[in-house]
Structures are given as structure tokens and as C-alpha cells.
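Geometric and topological summary
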Amino acid sequence: MTLSRKRLLMVSAFLVAWAIVVVARLAQVQILRHDDYVAKAARQQERTIELAPVRGSILDARGRILAESVPASSIYADPQAITDRRATAKKLAAIKALGLTRAQIEQKLKSDSEFAWISRQVDDEVAAEVRKLDLAGIYALEEHVRAYPKGSLAASVLGFVNVDGEGLSGAELAFEESLGGRAGKVTVLRDARRGVYLVGGEGKNAPVDGVSVELTIDEVIQYIAETELRSALASSRAESGSVVVMDPTSGAILALASLPDFDPNRFRDFSKNAWRNRAIQDLYEPGSTFKIITGAAGLEEGRVTPSQVIDCEQGSIEISGTRIREHGGHQYGYLTFEDVMAHSSNVGSIKVGLAVGPEAFYRRVTSFGFGSKSGVDLPGEASGILRSPKKWSALSNAVLSIGQEIAVTPLQIARATAAIANGGMLVTPHVLSRVVDREGNVVKDYAPPAATRVISEKNAAVLNEILKGVVSNGTGKRAALEDHQVAGKTGTAQKAEHGRYSPDKTIASFVGYVPADRPRLVILVVVDEPTIGQYGGEIAAPAFKRIAEATLRYLRVEPSIPGRNLDVDPPYLRARSKPPAPALPAGSVPDLRGLDARDAIAAATAAGFRVRTSGEGFVSTQSPEPGGAAGDAKLVRLTLAPEPRPVADGGEGR
Amino acid sequence: MSRKLSWDKYLFVAAIVIVVVGLVMIYSASAILAMQKTGGENPYLFLVKQCIWLGAGSLLMFGLMNLDAGLVRDQRVIYLLLGGIVAALVLVLFQAPINGTHRWFVLPGFQFQPAEIAKPVVVLFLALFLSQKEERVNELTSTLLPFAAVLAAIVGLILLQPDFGTAAMILLVSCAMLFVAGLSWRRIGAVALAVIPLGLYVMLSADYRRDRLTTFLNPEADPLGKGFQAMQSLIAIGTGGVDGLGLGNGRQKLFFLPEPHTDFIFSIIGEELGFIGAIVVVALFAVLVWRGLVIATRTRDRFSYYVAVGLTLMLGVQALFNMSVTLCLLPTKGLPLPLVSYGGSSLLASMICVGLLLNLSQESA
């Protein structure tokens, strides 16, 4: 072989070796490290766009909408597609309703990404104006905005959502999982220069809309509670307060009012203080309402009987050097235990509490749910403060008997009272009734945790009698109803300030249930720092009465005191809350009386009738009468009058 | 006169298949770029231009295939060609720069790159030179210095453009021819001592070349900056996997990979046709080189032998070099994949090589 041939062979061998290296490298890159590079490629080539689901509605106990998501347009920009940012910003700034200056818009357009919000959830007219400008790189996107059609009603229960529609507080947060649904994802293929190139068919993942949550809260009862609380605060010149209305048997919360309140549609305009749900978050010393628990402990421990006579020491008792007096300077001598409760005697209650003793008393108090969360399905609940006997001072047992040295939430008091009302079972308060999908199918029902017995049925009945006495001839007289017997307890707690009890700042409260022998409602009214008056009996009890009256009437609870049937609906209810129409034969005319013109027309149209109206205001008479046949013309004539005609209860033989 | 044989069919078919693969891949890689350049009107812009060049190249190739071998080895023709190419390389330096380089003559609608044509011409000249000096290949004055002088002039002119890739390719193939001609190991050592420091100096003297080198050594250090091309090429090839994303389905050509239809067309092949497609392309070039070397061994005289060796190496080494760059095995150089990449001058030069090889395949020792 010639030298040249040998050399050529060497060159050939070199080329073969080189080719092998190339092939080996191809195998390494394409086969061994394939997945790495696919991931790298995806990172730069694909962009995942989240498709927001439509949030479910929050409904009241009768399916009325408390919160819903309604379509709204949001304006966004693809900054990379905009050549002249200044001109674009100037044109956008000319739309005054956007509320952005040219400089602000230009700042947003400076982003390096392909997506920047300009303004979210704007009115349709604004979006139309933006679309009309037809600016390159400026687009409108359909989003949903959360709307609370009832304004501030039940605001602290409902809570609110952020601009992305995520629940931040209240029911919106508590039921986020159901309401929120699941975001969808769409993978968009992009190129290196100009953002979205094409939408990849693969990896498409439709959003799952949220389902609706039906609460136990009833819009009308909530409205009653808020209105009456507001008027109680106004008449006592107090700043804040709360009301709990609960079904004592199930623990379903029918209303949970907290004032001052806020409008969740624009929650940012209110102070954080207004966002609070005072009924579950605020702690206070319960004062005399806590004597119910003292009494329950005394009865359960066998330390006292209703007719037992207790020496009330003529108005004061000294406990390890501290003298504790009766409210209002009363000087009671010998009182039965019933009367101790009826007159809310401090001395008598302390004697009962001391008779029970620290350990047993503490055990009884905790068994009623104090010192721990009630388990209500709303976020941010406080557990209250209850120290264990080991940390008690010589005074603790005594003052705990009259509701001091313990901090509770209003809901805890209502819950404990419910246990007396329902015959001794401690139930879990809750606001969730059920979860329903868009077609109205029930997805999930509220599953109540097992209730625990905290007092015997017999002792509950004894306490019931005692608490009836508080209202019939004790401090709670002003809570009495004409149609129903009420059981309850007043409370006037001095507020602690700087480690001492303030002489003039009190928390006035009343807790009770009604009808006393077959209770439908437990109602607690708490008024914080009344400046006109200070006693629970004078401030909270009347509010209790009005709430109970209106609610029982709304719930169509037959009077439990015979011979009483007065129309005492407050005027606002006559106009506002039409009880649900009883089932009428199909095709017959609905009862439209008492409704305002708009609601009446809507209801009649929904039932398939045409409407002719005369006058203005509320429906006073209708023709044909409810339940009648409208004939072939399907025409209903409505006569409207400025004042709503009271809807007579029972007048139709129902 | 030599006995006429038929052309080497393997070489012919391999070359045609490579060109066809090239056209398909150029269209796939450039359609979107073309749409963008023509305002969305003509995705065929680059394909059509390449086809026109292919037409010219085919005429030239068939002309060369049928050319009387005597004309090819005529000293006067070779010196004329050499003179012409040197003149063109000088003239091109006075052309208006494109992207800061003086590589192109701009004709209406077309650009022409004389350095590409220099490749076969240099091979012809060196073949002539070496066939005459074969016995004295190790002599300094009669062989090596003249060899070095001519080479230095041409490579130097090309470096002035600057076009480091083409210069390196010519230098590499020339040295390989000298090696095949029987340069002694002592001389090889001496040449290496002379060339390597020079090469390093050239490589590190210009910033962009130094950047490319450091990038090559660690492409992932700065994936969005200087390592961008290398990284994007690897991503393209890597996503291809075994069977590729499918013809036309590549995504890296969406402006991630610069020059997807020219220097990085092999990356698109790897992405869209996968490991299998890339291997097929490598195999086609292997056939080309194999047949080229077979032709060389069958040639009747030393001139034909060196021509065949030189042209084969020119095609083969450049193909390997280009693939190695796309695979990040070598630093980024502006080198097209012969017969495949978009670019008229490159295609023309490659087809000249193929045409001459086919011409030589008709004679046999």
C-alpha cells in the first residue's frame, strides 16, 4: 500500500470516527436527554392560560341570591404587540371612565410580558368604548365580577372576594372549595417574537364552574335582625352590636347580624373593623346571661333546687376581701333560686357557683362549649377565654358565677342557651344548608356532627321554667311577647378597661328562646357600650322581642298563647317580605297583593299572565283574586296604592 | 483518452436525495419567515429562490459531468480559475457590507458569495500542485512555501471579509490533502506548531469569535445571550426524539432558532424528522463520502486522485462540521450544510464538487 493510500485510510478513519461521535451525540440529545429538552422547549414555547371558572352563588335558606357572579369585561394589553406606547396610552386615557392617567397606562404597558391588565371588571359601556378604539395590542376579556345584590345584608356572614374571585372572608372563604370550582387551562403555543402563535388543541382543560351554596341564613330574618339591631343601637346611642338567631334544635343559624357593617360590593371602602363578624369574632364578658350556666351547673351537680331559699345577704357579699354588690343597689334578703335568677341576683348566683365548687363548675362550663370554638362553619371564629381552676384566684369561682373572668363570643352564649331550649343537647351552630349545582341538584347536604348532652332533660325543663320566670316577672319583662311565651336572661356586663371594671361602660345583652315550651328560635342580642341606658333588660330585651315577633310571624308559627292573633308585622316587612306563596293549582292566579309593582309584574309574568296596572306603589287589590282562574285572556288587573296593604295572616283560612 | 464509464450511480442518487431533502426542509424551516418577510403573501420565497439556484447548479453539474476531462486538468484553466477567484475575493471586500461583513456580491434578486466557489477551485489548484510535486512534498522551498503562500493569500482574503468558517474549511481540507500527499510527520509537527498558534490567535482576536468559543464551552451558562443559538439548536434536536415532531411541525423555527433554513437546518431536521431522519441524512453523506473516496482510489492519475480526495473531503468535512455545530460539539461557525442549507453560492459550490466527482467517476485506473 502506498503512503498516499495509507494516509487516505487514516483520513477516512478520522471521518468515520467523527461521524460516530455525531451519531452518538444525536442519540444522547434525542433519546437519552429527550425529556429534558422537551421540558425546556415547553418552557419557552408554551404558555398556559388559566380559564377562570364561574363562581357559584350564595343563596339564602329559600334559594334567594345573596351573592352571585355576573359577567364583566376586563381590559388587558399585550405590551409586545404595541409599537407606540405613548399614543396608545393617550388614547386609552381619553376614556375617562377607565379612571387612569396616560402615565399610569404607559407604566402598565412597559411590562416585558405579553400580558398586562389595564383595568379589570369595567362596565360594558367602557369596554365597548375601548373596543371601538380598535387599538393594536389592547383587548377586552370576559370575566366575572362578584355582586352582592342585597348590599350590606348579611355582609359579615357572606364575606367578600378579591378581584380574582377568591374568597377572602366569611362564607366566600369558608365554602371556597365548592364556590370556586376549578380553573381550566389552555396551552397556547407561542413564538419567540410575537406572543401567541396558535392555541394548542392538546392539553385543553375546560374550567369547572363552582357550585352554589345554600345557607341556613334567611334573608328576611337577617333583615329583621339587622334592622332591629340598628334601631336598638340608634336608640341607645351605641356603636356596635350583634344578633344571633338560631334554630335551637338543629343549630342552623337563621340570622347573624353584626354592626357596624359594610357593603361587600365595595368592601375596600370600609374599615377592617366593619368587616368583622362580631357574633363569632368578638369576645366579651357575658355577665348575667352566664347565670344560666351557673344555674345549670348547680342543678346538674345537685347543689340547688328551684325552690331552695338562698340568703342574698341584703345586697352584697364579701369574697376574700372584695365586696360584690347587686346590680342597681338592690338589697335582696331571702330569695328562692327561681327568684335569684328572675332578679338576676349576684349574691345568690355566687352562692350557687361556690356551692358547685371550682373543679365541677369548670367542667360544667367547658361542657357547654365555653373556652373552645363552637365549630361554626365560618372562618375566624374565636374560642374565648376560660382559665382552668389551677390558675384561678380566690375570687374566680365567685365572679365566674356572675359571668366575669370569662370571655365568650355571642355565638357561644346562643349555643349554650340552645342546649337549655332543646332539652339539653349541645348542637353545632352552622350556616351551611346544602350545596347545589347549577341544575338545582343537591351535591352535598350539611352533615351535623353528633350533639352531646350537657344537661338532663329534667334539669333543662327546670331551667326553662326559671327562665320563663325571668321574662314573666323578672328583669326580662320587656322581652315578653303577646303571642308566645319567652324564656330568657338579661345580661349587663361592665366592660373591663385598663384592668378594672369601667363604671359606665357596659355590654347589654339578652338571650332567650321562643316559644318557650316548643322553641323555634334562640335569639341573642348584644349591644356594646350603650350610652343611653345600660341594662340588658332595657336595651337588648325589647330588640329581642321585636326580632322574635317579626320572625315568628314570618315563619308562620301559630300563636302559642291562645286567643292572641294581632297583626303586628313591622311596616318594613309588609312591603318587603311576602311569605312564600302557598301552592296554587297550576294556571291559577298567584297572590300578588302587597308586592311592589315591579315584583308583582315579574311574578305574574313568570306564572304566564299578562298584567294591567292602575295607580302607583304596591298592589292593594287584584283581579282575579289569588287562586282564581284568569280565563283565556290570562290578564290580571292590579290596583296599586302608595302604602302596602298588610298581608292578612290567616285571613284566607290557611 | 480515458475509457468512458457510466457515472457513479450511488453518488448521483445520494446527492439528488440530499438536495431534495434540503428543498423540503428549507420550505418547512423558512415558510413562516418568508410569510413574515413578504407580509404574509409568499411562504415560498426562499424555496423558489433555492430552486432557481438549483436549476443553475444542475446545469453546471451536468456540464461538469460531461466535460472533457482534459479541459479540467489544463493548467491554464486552473490558473485562470484561481486568478478569477482571487480577483473576486479582492473585489468583494469593496462591496457594501451586509450584516457588517463583505461576503457578498449583490445582484438584483440574488446574492453571490465568491468564497464558496473558492472551495472547489482551491481543491483543483492544490490537486494540480500536489500531483506535480508529489515526490518533493516535504521540501520547504519548492513545495511547502508556495503551497503556504497561495493558501495564506486565499484564506487571508476570506478572513478579511470576515468568514472564519469558510476559511477554516479551506485550510482544513488543504492540510488534509497535504497529509494525504505524504507530508512527513516531522513536517506535520512543524506545520502544527505554525498553524495552531496562528489559528488560536485568529480565533481569539475577534470578539465575536471569542464569544462563540466561550459559549461553546458552556452554552447553558447564558442561554438567552450568546449561548442562545447553540441552546436553541439543542432544544430543537432534543425535542425531536426518536421519530420527530413530524414534517412541518417544528416549533423552534418560530423565531427561537435563528437561521433555521441556513446554518441550522440540521437542527430542524432533527426536530421534525427525529433521530431516524437525522441518521438518514448522516447516512446519505456517508454514502457521498464513501463513493467519493472509492472514485478517488479508482482514478487513473494523481491529479484526478487529489481532486477526488479534496472535493470529497470538502463535502464530508463541512457536513460533519455543520452537524457538530448544531449538536454543540464545535463552536458556532457560519457554515452551511452542503447541498441542504439554503444559500445559492453554497449550493452551487457543492454541486460543482458533485459534478466534478461524477466526471471523475467515469474514468478508471
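Per-chain numbering applies: the sequence of each chain, read as written, is numbered from 1 onward. Going through the entries in the order they are written, you letter the chains from A and number the ligands from 1. Residue-level local features of this predicted model are given only where pLDDT is at least 70; pairs of side-chain atoms are given and counted only at 80 or more, and the full residue set underlies all totals for whole chains, interfaces and linings. For side-chain calculations, the full set of non-hydrogen atoms in the structure is used, while hydrogens and water are omitted.

**With respect to the overall build of chain B**
This is how the line gets drawn: Runs of E in the DSSP output that reach at least two residues are strands. Runs of H or I that reach at least four are helices, and both are numbered from the N terminus. Only protein chains enter the calculation, and the probe is 1.4 Å; a residue is then buried if its accessible area is under 20% of its type maximum, exposed if over 50%, and partly exposed in between. Should any heavy atoms of two residues lie within 4.5 Å, those residues are considered in contact. Areas reported here follow the Shrake-Rupley algorithm with a probe of radius 1.4 Å; residue values treat only the protein chains shown as occluding.
A count of helical and extended segments in chain B gives 13 helices and two strands. Counting every position in chain B, which comprises 365 residues, the buried fraction comes to 56%. Restricting the contact set of chain B to residue pairs at least 6 apart, pairs at least 24 apart contribute 73%. Accessible surface, chain B as shown: approximately 14400 Å² in total, 69% of it carbon and sulfur.

**Section: the sheet that holds strand 24 (residues 610-614) of chain A**
All names here are of chain A. Applied cut-off: Two strands form a pair only when DSSP identifies at least two bridges running between them. Every angle, taken between N-to-C directions, lies between 0 and 180 degrees, and every axis is a line fitted to C-alpha atoms, over only the stretch in contact when it is a helix.
With mixed pairing, the three strands of this open sheet are ordered in space as 24-26-25. Of all the strands in the sheet, just strand 24 and strand 25 (618-623) have a single pairing partner and so form its edges. Each strand of the sheet is rotated relative to its neighbour by a mean of 30 degrees, with strand direction disregarded. Pairing of strand 24 with strand 26 (residues 635-641), which is carried by five bridges, proceeds in the parallel orientation. Note on strand 26: the bridge partner recorded for Val-611 is Val-636.

**A word on the packing of helix 7 (residues 164-180) of chain B against helix 8 (residues 185-205) of chain B**
All names here are of chain B. The following threshold applies: Should an angle fall under 35 degrees it is taken as roughly parallel, and over 145 as roughly antiparallel, whereas 65 to 115 is taken as roughly perpendicular and any remaining angle as oblique. Amino acids outside the nonpolar list (Ala, Val, Leu, Ile, Met, Phe, Trp, Tyr, Cys, Pro) and the charged list (Asp, Glu, Lys, Arg) are all regarded as polar, and Gly is one of them.
Across the interface, helix 7 lies against helix 8 with an axial gap of 12 Å and an inter-helix angle of 175 degrees. Regarding the angle of helix 7 to helix 8, the classification is roughly antiparallel. Residues Phe-164, Leu-171 and Phe-179 of helix 7 form the contact with helix 8, whose participating residues are Trp-185, Ile-188, Val-195, Val-202 and Met-203. Tallied by class, the residues present in the contact of helix 7 with helix 8 amount to eight nonpolar, no polar and no charged.

**Thoughts on the confidence of the model for chain A**
All names here are of chain A. Put simply, the test is: What pLDDT reports is the predictor's confidence in each residue, on a scale of 0 through 100.
Per-residue pLDDT for chain A averages 84, and the proportion of residues at 70 or more is 88%. Contacts of residues 575-584 to residues separated by more than four positions or lying in other chains number 20 contacts, the stretch itself having pLDDT below 50. Here residues 645-654 is a poorly scored stretch, pLDDT under 50, and it has 13 contacts once near neighbours within four places are set aside; other chains count.

**Some remarks on the interface of chain A and chain B**
The condition that has to hold: By buried area we mean how much accessible surface two parts lose on assembly, using a 1.4 Å probe and totalling the loss over both. Salt bridges are counted wherever a side-chain nitrogen of Lys or Arg sits within 4 Å of a carboxyl oxygen of Asp or Glu. Polar contact criterion, stated in full: a pair of N or O atoms within 3.5 Å, where within protein one must be able to donate a hydrogen and the other to accept it, and residues adjacent in sequence count only if both atoms are side-chain atoms.
If you look at the interface, chain A gives 37 residues, while chain B gives 50 residues. Interface area for chain A against chain B, summed over the two sides, is near 3800 Å², with a carbon-plus-sulfur share of 69%. It is Arg-7, Trp-18 and Gln-30 of chain A that lose the most area in chain A upon contact with chain B, and together they represent 18% of the buried surface on that side. Our count for the chain A to chain B interface comes out at zero salt bridges. Our count for the contact surface shared by chain A and chain B stands at 13 residue pairs in polar contact (both at pLDDT 80 or more). Mapped by element, the contributors of at least two residues to the side of chain A that touches chain B are helix 1 (3-32), helix 2 (34-45) and strand 6 (184-190) of chain A. Per element, the largest residue contribution to the side of chain A that touches chain B is 20 residues, and it comes from helix 1 of chain A. Residue composition of the side of chain A that touches chain B, by class: 20 nonpolar, six polar and 11 charged.

**Focus on the nonpolar core**
Here is the rule: Note on terminology: a nonpolar core comprises buried Ala, Val, Leu, Ile, Met, Phe, Trp, Tyr and Cys residues joined through side-chain atoms within 4.5 Å.
In this structure, Leu-26 of chain A together with Phe-266, Phe-285, Leu-288 and Leu-339 of chain B are the most contacted members of the largest nonpolar core, which totals 123 residues. In terms of residues, this core owes the most to one element, helix 12 (residues 302-326) of chain B, which gives 16 residues. Sequence-distant contacts of Leu-288 of chain B, that is, excluding residues within four places in its chain, are made with Leu-11, Ala-14, Ala-15, Ile-18, Leu-315 and Leu-339 of chain B. Core analysis: the next-biggest nonpolar cluster, separate from the first, contains 93 residues, Ile-350, Val-352, Ala-398 and Ile-466 of chain A among them.

**Points about the environment of Leu-395 of chain A**
Residue and element names in this part refer to chain A. In this fold, Leu-395 is placed in the loop between strand 15 (385-386) and helix 16 (396-401). Expressed as a C-alpha distance, the spacing of Leu-395 and Ile-319, which sit 76 residues apart in the sequence, is 6.3 Å. Once you skip the residues sitting within four places of it in the chain, Leu-395 turns out to touch Ile-319, Ser-320, Thr-322 and Ile-324.

**Description of the packing of aromatic side chains**
Under the convention used in this document: Think of it this way: a Phe, Tyr or Trp ring, Trp meaning its six-membered ring, pairs with another when their centres are within 6.5 Å, and the plane angle makes it stacked under 30 degrees, edge-to-face over 60, tilted otherwise. The criterion is that NZ of a Lys, or CZ of an Arg, lies within 6 Å of the ring centre and within 35 degrees of the ring normal, and then a charge sits over that ring.
The final tally for this structure, using the stated rule, is 23 aromatic pairs over all chains. Residues Trp-53 of chain B and Phe-112 of chain B carry aromatic rings whose centres are separated by 6.4 Å and whose planes lie at 20 degrees to one another, so their mutual orientation is stacked. Here Trp-53 of chain B is found in helix 2 (residues 45-66), whereas its partner Phe-112 of chain B is found in strand 2 (residues 110-112), with 59 residues between them in sequence. Three or more aromatic residues link up through ring pairs in this structure, and these residues are Phe-160, Phe-262, Phe-267, Phe-270 and Trp-275 of chain A. The cationic tip of Arg-7 of chain A hangs over the ring face of Phe-179 of chain B; the distance from NZ or CZ to the ring centre is 4.4 Å.

**What about the pattern of salt bridges?**
Pairing is possible between side chains that carry opposite charge, provided their charged atoms lie close to one another. Inspection of every chain in the model, using the stated rule, returns 37 salt bridges over all chains. Between Arg-276 of chain A and Asp-282 of chain A there is a salt bridge whose closest N-O contact spans 2.6 Å. Lys-253 of chain B serves as the salt-bridge partner of Glu-272 of chain B, at 2.6 Å between the closest nitrogen and oxygen. Placement of the pair is Glu-272 of chain B in helix 11 (residues 265-298) and Lys-253 of chain B in the loop between helix 10 (228-240) and helix 11, with a sequence separation of 19 residues.

**Here we look at helix 6 (residues 140-160) of chain B**
All of the buried residues in helix 6 of chain B are Ser-142, Thr-143, Leu-144, Phe-147, Leu-151, Ile-154, Val-155, Leu-157 and Ile-158 of chain B. Close packing links the buried residues of helix 6 of chain B with helix 4 (75-92), helix 5 (114-133), helix 7 and helix 8 of chain B.

**Considerations on the sheet that holds strand 9 (residues 240-246) of chain A**
All names here are of chain A. Strand order in the open sheet formed by five strands is 10-9-23-22-21, and the pairing between neighbours is antiparallel. Looking at which strands have only one partner, the edges of the open sheet turn out to be strand 10 (253-259) and strand 21 (487-497). Ignoring strand direction, the axes of neighbouring strands in this sheet form an average angle of 10 degrees. With seven bridges joining them, strand 9 and strand 23 (residues 521-528) adopt antiparallel strand pairing.

**Overview of the pairing of strand 13 (residues 322-325) of chain A**
All names here are of chain A. Note that strand 12 (residues 316-319) and strand 13 share four bridges and pair antiparallel. When the bridges of strand 13 are listed, Ile-317 appears paired with Ile-324. Counted between consecutive antiparallel strands, the loop separating strand 12 from strand 13 contains two residues, among which Ser-320 sits at a positive phi close to 35 degrees.

**Describing helix 17 (residues 410-421) of chain A**
Residue and element names in this part refer to chain A. Basically, it comes down to this: A helix is expected to span 1.5 Å multiplied by its residue count minus one.
Helix length check: helix 17, at 12 residues, gives a terminal C-alpha distance of 16 Å against a target of 16 Å (1.5 Å per residue), a fit within 8%. Counting buried positions along helix 17 gives 12 out of 12 residues, so the element sits mostly inside the fold. Every buried residue belonging to helix 17 is among Pro-410, Leu-411, Gln-412, Ile-413, Ala-414, Arg-415, Ala-416, Thr-417, Ala-418, Ala-419, Ile-420 and Ala-421, and all of these are buried. Gly-423 occupies a position one or two residues after helix 17 and carries a positive phi of about 95 degrees.

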